[in-house]
Structure formats: C-alpha cells, structure tokens
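# Observations on the three-dimensional arrangement
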Amino acid sequence: MHLPIFLLILTISTCVMAKKLESIRDKELQELIKGEKYVVALFCKENSKECADLEHVLAMTREVLVDSLNAWVVKLMSSPLLKNYSPNIEPAVVFFRNGLPMLYHGPPTEEDLLSKIQRGQETAVHNLHDENFEHLTQAATGATTGDWLVKFTRDNCEESKRMEAIWEAVGLELKSRINVARVNKGSDGGATARRFEVFETPSFILFRHGKMYKYELDSFTLQNFVDFATDFYRNSKAVLVPPPKSPFDDLTEMIVEKMKENPQLVKLGSIVFTIVLLLGILIKFRGGKKPVKKVKTTKKKAA
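Residues numbered from 1 in each chain as written. Predicted model: local features only at pLDDT ≥ 70, side-chain atom pairs only at ≥ 80, totals over all residues. Heavy atoms only, no water.

### Description of the state of the cysteines
Should the sulfur atoms of two cysteines be covalently bonded, the bond is a disulfide. Evaluation of the coordinates by the stated rule reveals one disulfide. Here Cys44 engages in a disulfide with Cys51; their sulfurs sit 1.6 Å apart. Across the S-S bond linking Cys44 and Cys51, the dihedral sits near 95°, which makes this disulfide right-handed. Of the residues examined, Cys51 reaches a relative accessible area of 5% and is grouped as buried. (Disulfide = S-S within 2.5 Å. Buried < 20%, exposed > 50% of the residue type's maximum accessible area, 1.4 Å probe, protein only.)

### Brief notes about the side chain of Thr61
Topologically, Thr61 is positioned in helix H3 (residues 49-69). A residue is classified by how much of its surface remains accessible, and Thr61, at 1% relative accessible area, is buried. Sequence-distant contacts of Thr61, defined by excluding residues within four places in its chain, comprise Glu110, Leu113 and Leu114. (Helix = DSSP H or I, 4+ residues; strand = E, 2+ residues; numbered from the N terminus. Contact = heavy atoms within 4.5 Å.)

### Thoughts on the sheet that holds strand E3 (residues 72-77)
One open sheet accounts for five strands, arranged E1-E3-E2-E4-E5; its pairing is mixed. Two strands close off the open sheet at either side, each with one partner strand: strand E1 (22-23) and strand E5 (100-103). One ladder, built from six bridges, connects strand E2 (residues 38-44) with E3; its direction is parallel. Bridge pairing in E3 links Ala41 to Val74. Seen against the sheet, H3 touches E1, E2, E3 and strand E4 (92-97) and runs at an angle of roughly 175° to E2. (Pairing = 2+ DSSP bridges. Axes fitted to C-alpha atoms, helices over the stretch in contact; angles between N-to-C directions.)

### Quick notes on the confidence of the model for the chain
For the chain, the mean per-residue pLDDT works out to 85, and 79% of the residues sit at or above 70. Between the elements of the chain, mean pLDDT differs from a low of 44, seen in helix H1 (residues 3-18), to a high of 98, seen in strand E8 (residues 179-184). Scored below 50 in pLDDT, residues 3-18 makes three contacts in the model with residues more than four places away or belonging to other chains. (pLDDT = per-residue confidence, 0-100.)

### Brief notes about the pairing of strand E9 (residues 203-208)
Summarising burial for E9: five of the six residues are buried, a large majority. Alignment of strand E7 (residues 148-153) against E9, held across five bridges, turns out to be antiparallel. Bridged to Val150 within E9 is Ile205. The pairing of E9 with strand E10 (residues 211-214) spans four bridges and is classified as antiparallel.

### Some thoughts on a nonpolar patch on the surface
A cluster of nonpolar side chains, namely Ile275, Leu279, Leu282 and Ile283, defines an oily patch on the protein surface of about 400 Å² accessible area. Residue classification places Leu279 among the partly exposed positions, given a relative accessible area of 46%. (Patch = residues over 30% accessible without salt bridge, like charges linked within 9 Å, V, L, I, M, F, W, Y side chains within 5 Å. Areas by Shrake-Rupley, 256 points an atom, 1.4 Å probe, with all protein chains shown as cover. Salt bridge = Lys/Arg side-chain N within 4 Å of Asp/Glu carboxyl O.)

Listed below in structure tokens is the structure:
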C-alpha cells in the first residue's frame, strides 16, 4: 500500500474513532451555502470544552443527517463569519436551508439537535408586506388568526441581517403557538411600517387581540424574544392597533419620512424653492411694467 493512501485512511479512521468533524475554511462554507440545500455548521473557538461536546454530538448524528437530508456537517474554527449568525454565542450550531440560516437553541444532546433540525427544514417565519399584512394577521379586527410577533427590517440594516439566524430560531421555537413574521420596511412594507410608526430597524411588535406591544429591550437574544411573546409583553404599553392609513395620509407621512432620512434633500428643496420664488417675483416685476407708447407727431408743411 502506498504511503499517502495509508495516511489518508489513517486520518479518516482517526476522525471516525474520535468523533471529529471535517474542518473547513470560510470560503468553503460560503460555497457550500450557495450550492447545497442543507448545511450544518459548527462554529468553534480553540480549547473549548463546550465546543468539544457539541462536536461529539454532531459527529454522532452526522450519519443520520447525511442519510435523511443529504446534509453537509462541518466545523469552522475561530471564524469571523460567526458574528453574522450568532453575535453573542460561541460555540454555535447554524443550520442553513437553501442559504437561510437558523441558529440552534437547546441542550447539546443528539435527540434535541436532530429534532430541531428535522422540524426546521423549512422556515417558520412568514414574509408579510403591504398587500397581505392585514389579510393574514387580521390585526385591526382582533387577530382572529392568532398572535403575531413581527420584525421590521430593511435591506441595508446590518444589525437586522446579523439577527436573521436568531429570528429563524424564534420562529421555530414559537411554531404552532405564535406566528412569527418579518416586514421589509425598505421595499414592500413601507406603508405597514408607517402605519405602526416604525421608523428604526430592527423593530419588533407583538400583535395580540387587537392590541400591539412594542419590544423595548436593548438585548436581542432568542430567549428574550420568546419570553416577550409568551409573557413579558404584559410589561409593555398596550396600544390599540390603528387601521390602515388613507393613501393621502400615507403619502404625506412617506414624504416627511424621506425628508427626515435625507436631510440633504430638505436643503436642496429649500434652495430650489427659493430660486423658483425669486424667479416668480422677477417675472412678475418685469411683467408689471407697462411699455411706454411712442406718440407719432407730424410736421405741418409751410404755406
């Protein structure tokens, strides 16, 4: 047997016996996320017992995940990518479904891990927008479709992007109890955000029995969101859900909002208004002067 082949077999055998995961680099993970339907990634730091325990559990369940989901199960060490999925927790297990991340939340046991991954194959978070918000939530009429915990986000909000894996986990944790959703304030959910006076992102509101409760904590953890939706909302001020705004009122608020977001537009608008006003005054002043009529005189011929 050739030495390189022998070493390869020895390495694989050692990993299997020690219950280790394949370690990959950030670029390789990004390629897997783009090309594979299911990827389970363990983000670790050096010399961590918690990491070793999680790796052992994942290695024990790897065969089941590969057979049932055809999933990739990998490990990354001290990866800067972790902050995009779990800003406050390390080590962390992230389950990617067609590129959409979900943070694992639970004890490091094979049973719980497999259960969460099996249940989380499809997203539990609804996408709401101006056209379907009231129809699906029935927020103004008493929430006959159940309670809704909604995150308001926008494409250019980095903090919202970093929370995506946590929010997906919240959706799974509250599944069958409370509806979890997102509204993109910057694209197709602008009117809905203005309706509820949402100006900053990310923002979170619980809609329950015709009333709304705003999440006001500074800590954005999975457990805090679950606790708020199930019980702690009682500590927030209850406000009656307002009806949808008229097109004119929404247009007015949209203009005011755009002016606040872009103060340069306000300055530019003031300059343009001043120029137009001065031109109007100048035109009116010139138009107000009557032209002097010339009187024709005829000289009499001498007799």
